[in-house]
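As a plain string of letters, each chain reads:
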2 protein chains.
Amino acid sequence: MTEVATAHPEDRLLSLNTATVREQWTLEQIIDGCQRHGIGGIAPWRDQLAICGVDKAAAMIRDCGLTVTGLCRGGMFPADDAAGRQRAIDDNLRAIDDARTLGAECLVLVVGGLPPGSRDIAGARTMVRDGIGAVLAHARAAGMPLAIEPLHPMYAAERACINTMAQALELCEELDPGRTGALGLAVDVYHVWWDPDLEARIAEAGRERLLAFHICDWLVPTRDLLVDRGMMGDGIIDLAGIHRWMTAAGYDGLREVEIFSAETWWKRDPDEVLATCLDRHRRCL
Amino acid sequence: MTEVATAHPEDRLLSLNTATVREQWTLEQIIDGCQRHGIGGIAPWRDQLAICGVDKAAAMIRDCGLTVTGLCRGGMFPADDAAGRQRAIDDNLRAIDDARTLGAECLVLVVGGLPPGSRDIAGARTMVRDGIGAVLAHARAAGMPLAIEPLHPMYAAERACINTMAQALELCEELDPGRTGALGLAVDVYHVWWDPDLEARIAEAGRERLLAFHICDWLVPTRDLLVDRGMMGDGIIDLAGIHRWMTAAGYDGLREVEIFSAETWWKRDPDEVLATCLDRHRRCL
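Residues numbered from 1 in each chain as written. Chains lettered and ligands numbered in written order. Predicted model: local features only at pLDDT ≥ 70, side-chain atom pairs only at ≥ 80, totals over all residues.

Caption draft 1: Representation of the overall build of chain A in the model. A count of helical and extended segments in chain A gives ten helices and nine strands. Taking 285 residues into account, the globule formula puts the C-alpha radius of gyration at 19 Å, and chain A, at 18 Å, falls close to it. (Helix = DSSP H or I, 4+ residues; strand = E, 2+ residues; numbered from the N terminus. Rg over C-alpha atoms; globule rule 2.2 N^0.38 Å.)

Below, the structure is given as C-alpha cells:
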C-alpha cells in the first residue's frame, strides 16, 4: 500500500473509470484504491462486475462512500437479424438492473456500429434508435438514466454509429422530448473535442441531458486508435474550456477519468496512476 | 512491363493519386503506368514533382493525355507566429503556380492542424480562414480552383482542423459567396463516410463546389490512423451510394483513388495495384 498525499477538496469531484487501471487491478483493488486516494467516484465495467459479483461490488462501493458515475456499458444495438437485436435489448435490460443495484447515476450506452458485412450506416442508426426506444420504459421504471455516448467518428464502423453531440441530441429529442432526465448524453472529451459546434451542443443539452463528463487527453501523435489515450494535460484538448462550457450548461456532477493506454498508464504502478489523475484533475480543469 | 487487360470505357473516369504507389514507383514510372493501364487521370504530390521537375512532369502528363484531377497539396496554414503563417501563404502561392503549370483541375488544401503546443482549435480554424483568404485572389487570377479537403476528425490535431463538409461549406460561403467555382471541396470518402449529414451537404455543395472526388475504403479493423486505408470494396464504405449523391449534385468529374497502405498495397507489384484499382472502380461505384 502506498502513502497517499494530502487530499484536496476537488478530489471528491473526480471519479475513476475502472478501465484506467484495468490491466493492473481487480475491481476490489480499484475500489480500495479510490478510497485510499480520496477519489470521490467510480465507474465500473460489466466484465469486472461479473467477476466480482454485482451485489458484492455494490456493497463495497457503498461502504466506501463512492459515487457511481456510470456503469459501462449498455448499447451495441445493431445486429444482422431480429434475434440478434433482441439479444442486445435483453442484455441492456439486465445492464439497467445492474446499474440500479449499484446505485449508478446512469447507464452509459456505447450504441454499436455496423452489423458484420453491412455498409448501411443509416440502417445501423435506425437500429440504435429502435433499441434505445425498446429499453427506455424499463430504464424509466428503474429510475436509471440512459447516457448515449457519442463516440469519435473513427469508431463509427465498429463501436458506435452515433458520432456527434448533435446526433445524440436528436435521438434524445425524438425519444424523450419532455427532457425528463431519462435519456441524455455522456460527454467524453476524447470523442468530441474536435467538434466545431461543441459549445453550442453542450448548451443545447443543458442540465437535464448532461448525464456524465469523461476526461482524458488526445496525444500528438496518437499511435493507436483504441489504446493510446493521454493523461489530462499531456495532449491538446482544451479541458478547462470544455469544463467551463459544461458548468455553464448546468452540469455539476463528477468528472470521470477514463484512459485506455496500453503503452503508458496500463504499465505503471496503479497507485502512481491514481495520484497522477488526481494531480492533473486539480490542475487542468 | 506488364500485360494490361482490355480497357473498359469507365477506366478513363479513374484518376490515380500518386500516393497509392509512391513506395514503388517514381512519378515518371507512375505516369507511364497510368498510360499503359488506360487510367484517365493523375493527381501528383509536390514532393514527387520537386524531384521530377514541374515543367518536365507537366509535359509528360500532357503527352500522355492524362487529366490532372488535383495537385496535392496546399494548405497547412496555422503556425505559432505571423512569420510562420506568411511562409505558409507564400508556399501556397507557389503551389497555385505549380498547379497551373500542370493544368490541374484544382489545388487540394489540407488546411493544417494546431500549431505546436496549442490547444486552441478555434484559433487554428481562424488561421485557416485567413490563410485561404490571403491566397484566393492569386488563385482566381491563375484560374486555379482551391479544393478544401475536410479531413477525418482523427486528423484534427495534426493535419486539418476542417473536419466536416459543413465546416468546409461555411468557409466557401464566407470567402466565395458568389459560388464562382474558385473555392470548393475535395470530397474524400475516407474522411466523410461517417457524416450523418453527408447526402445533404453534398447536395448543398452542388456542382460549383464539388471540385474533386477521392475514393478508397475504410477497413474493419483499421490498424493504423494514417497508412491503413483499404482498396475499394474491401471495407465498409457505401461507395455506390456516395457516388450516387455526388452525381445527383452535378459532379461529373473523375474519381481519384488515393490509398495509403503500408502493409498491403505499398508492398504489392504496382502494376497489380493499378489493375486492382481499375477492376474495383468498375465494380464498386
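That covers the picture; the talk isn't over yet.
Caption draft 2: Quick peek at the relation of the copies chain B and chain A. Turning chain B through 180° and shifting it by 0.0 Å along the axis lays it on chain A, with an RMSD of 0.0 Å. Given the turn and translation reported, the copies of this chain are related as if by a two-fold rotation axis. Of the residues that chain B buries at the interface, 100% are likewise interface residues in chain A, meaning the two copies contact each other through the same surface. (Least-squares fit on C-alpha atoms with pLDDT ≥ 70 in both. Contact = placed C-beta atoms within 7 Å.)

Caption draft 3: Spatial organisation of the pairing of strand β4 (residues 71-75) of chain B. All names here are of chain B. Burial runs high along β4: five of the five residues are buried. Across four bridges, the pairing between β4 and strand β5 (residues 107-110) is parallel. Bridging from a neighbouring strand, Leu-71 pairs with Leu-107 of β5. Handedness of the crossover joining β4 and β5 through helix α4 (residues 82-102): right-handed. (Buried ≥ 20, exposed ≤ 12 C-beta atoms within 10 Å, placed from the backbone. Pairing = 2+ DSSP bridges. Right-handed = clockwise from strand over helix to strand, strands pointing away.)

Caption draft 4: Structural detail: the environment of Leu27(A). All names here are of chain A. When you line up the elements, Leu-27 lands in helix α1 (residues 27-37). For Leu-27 and Arg-46, which are 19 residues apart along the polypeptide, the C-alpha to C-alpha distance reads 10 Å. With sequence-adjacent residues up to four places away left out, Leu-27 is seen in contact with Thr-18, Pro-44, Gln-48, Leu-49, Ile-51, Cys-52 and Ala-57.

Caption draft 5: Quick peek at the interface of chain B and chain A. At the junction of the two partners, chain B supplies 22 residues and chain A supplies 22 residues. Residues belonging to the side of chain B that touches chain A are distributed by class as follows: 14 nonpolar, four polar and four charged. (Nonpolar A, V, L, I, M, F, W, Y, C, P; charged D, E, K, R; others polar.)

Caption draft 6: Expanded view of the nonpolar core. By size, the foremost hydrophobic cluster in this structure holds 190 residues, and its most contacted members are Leu107(A), Ala147(A), Leu107(B) and Ala147(B). The residues touching Ala147(B), leaving out its near neighbours within four places in the chain, are Gly70(B), Cys106(B), Leu107(B), Val108(B), Leu109(B), Gly184(B), Leu185(B), Ala186(B), Leu211(B) and Ala212(B). (Core = buried A, V, L, I, M, F, W, Y, C linked by C-beta atoms within 7 Å.)

Caption draft 7: Layout of the sheet that holds strand β7 (residues 183-188) of chain B. All names here are of chain B. Strands sit in the order β3-β2-β1-β9-β8-β7-β6-β5-β4 across an open sheet of nine strands; the sheet is parallel. Taken across any chain shown, the strands that pair with only one partner, and hence form the sheet edges, are β3 (67-68) and β4. Where strand β1 (residues 14-17) meets strand β2 (residues 41-43), three bridges bridge the pair, whose relative direction is parallel. By the bridge assignment, Leu-16 is partnered in β2 with Ile-42. The strands touched by helix α8 (residues 198-209) are β7 and β8 (210-215); relative to β7, the strand with the most contacts, the crossing angle is about 120°. (Axes fitted to C-alpha atoms, helices over the stretch in contact; angles between N-to-C directions.)

Caption draft 8: Focus on the pairing of strand β8 (residues 210-215) of chain A. Residues and elements named next belong to chain A. Most of β8 is tucked away, with six of its six residues classed as buried. Bridging between strand β7 (residues 183-188) and β8 involves four bridges; their strand directions are parallel. Following the sheet pairing, Ala-186 is matched in β8 by Ala-212. In terms of strand pairing, β8 meets strand β9 (residues 255-257) through two bridges, oriented parallel. Pairing of Ile-215 across the sheet is with Val-257, part of β9. Taking the sense of rotation as the criterion, the β-α-β connection linking β8, helix α9 (residues 239-248) and β9 turns out right-handed.

Caption draft 9: Seen up close, the packing of α4(B) against helix α5 (residues 121-142) of chain B. Residues and elements named next belong to chain B. Where α4 contacts α5, the axes come no closer than 10 Å and their chain directions differ by 30°. Here α4 is positioned roughly parallel relative to α5, judged by the angle of their axes. Regarding α4 and α5, the two cross each other, and that crossing is right-handed. Across the interface between the two elements, Arg-85, Ala-88, Ile-89, Asn-92, Leu-93, Ile-96, Asp-97 and Arg-100 of α4 pack against Met-127, Gly-131, Ala-134, Val-135, His-138, Ala-139 and Ala-142 of α5. Here the residues of the contact of α4 with α5 are counted per class, giving nine nonpolar, three polar and three charged. (Parallel < 35°, antiparallel > 145°, perpendicular 65-115°, else oblique. Left-handed = near helix turned anticlockwise from the far one by under 90°.)

Caption draft 10: Unusual backbone geometry, seen in detail. Residue Pro221(A) is bonded to the preceding Val220(A) through a cis peptide linkage, with omega at -5°. As for its position among the elements, Pro221(A) is in the loop between β8 and α9. Following Cys72(B), the chain continues into Arg73(B) via a peptide bond in cis, with omega recorded as 5°. Position of Arg73(B) relative to the elements: it lies in strand β4. Positive phi, close to 50°, is recorded for Met76(A), a residue that is not glycine. Checked against the element boundaries, Met76(A) lands in the loop between β4 (71-75) and α4 (82-102). When the 20 C-beta atoms within 10 Å are taken as the criterion, Met76(A) is described as buried. One non-glycine residue, Arg179(B), lies in positive phi territory at about 50°. Topologically, Arg179(B) is positioned in the loop between α6 (165-175) and β7. Judged by the 15 C-beta atoms lying within 10 Å of it, Arg179(B) falls in the partly exposed class.

Caption draft 11: Layout of the sheet that holds β7(A). All names here are of chain A. Taking strand neighbours across the sheet as the criterion, the nine strands line up as β3-β2-β1-β9-β8-β7-β6-β5-β4 in an open arrangement whose pairing is parallel. In the strand order of this sheet, the two ends are held by β3 (67-68) and β4, each with one partner. In terms of strand pairing, strand β1 (residues 14-17) meets β9 through three bridges, oriented parallel. Within β9, the residue paired with Leu-14 across the bridge is Arg-255. Each of β1 and β9 is contacted by helix α10 (residues 270-284), which is oriented at about 140° to β1, the strand it contacts most.

Caption draft 12: Up close: α1(A). All names here are of chain A. Along α1, the residues classified as buried are Leu-27, Ile-30, Ile-31, Gly-33, Cys-34 and His-37. Around the axis of α1, the buried residues are gathered within 160° of arc, so they sit on the same side. Buried residues belonging to α1 abut β1, β2 (41-43), α2 (46-52), α3 (54-63) and α10. (Arc of directions from axis to C-beta.)

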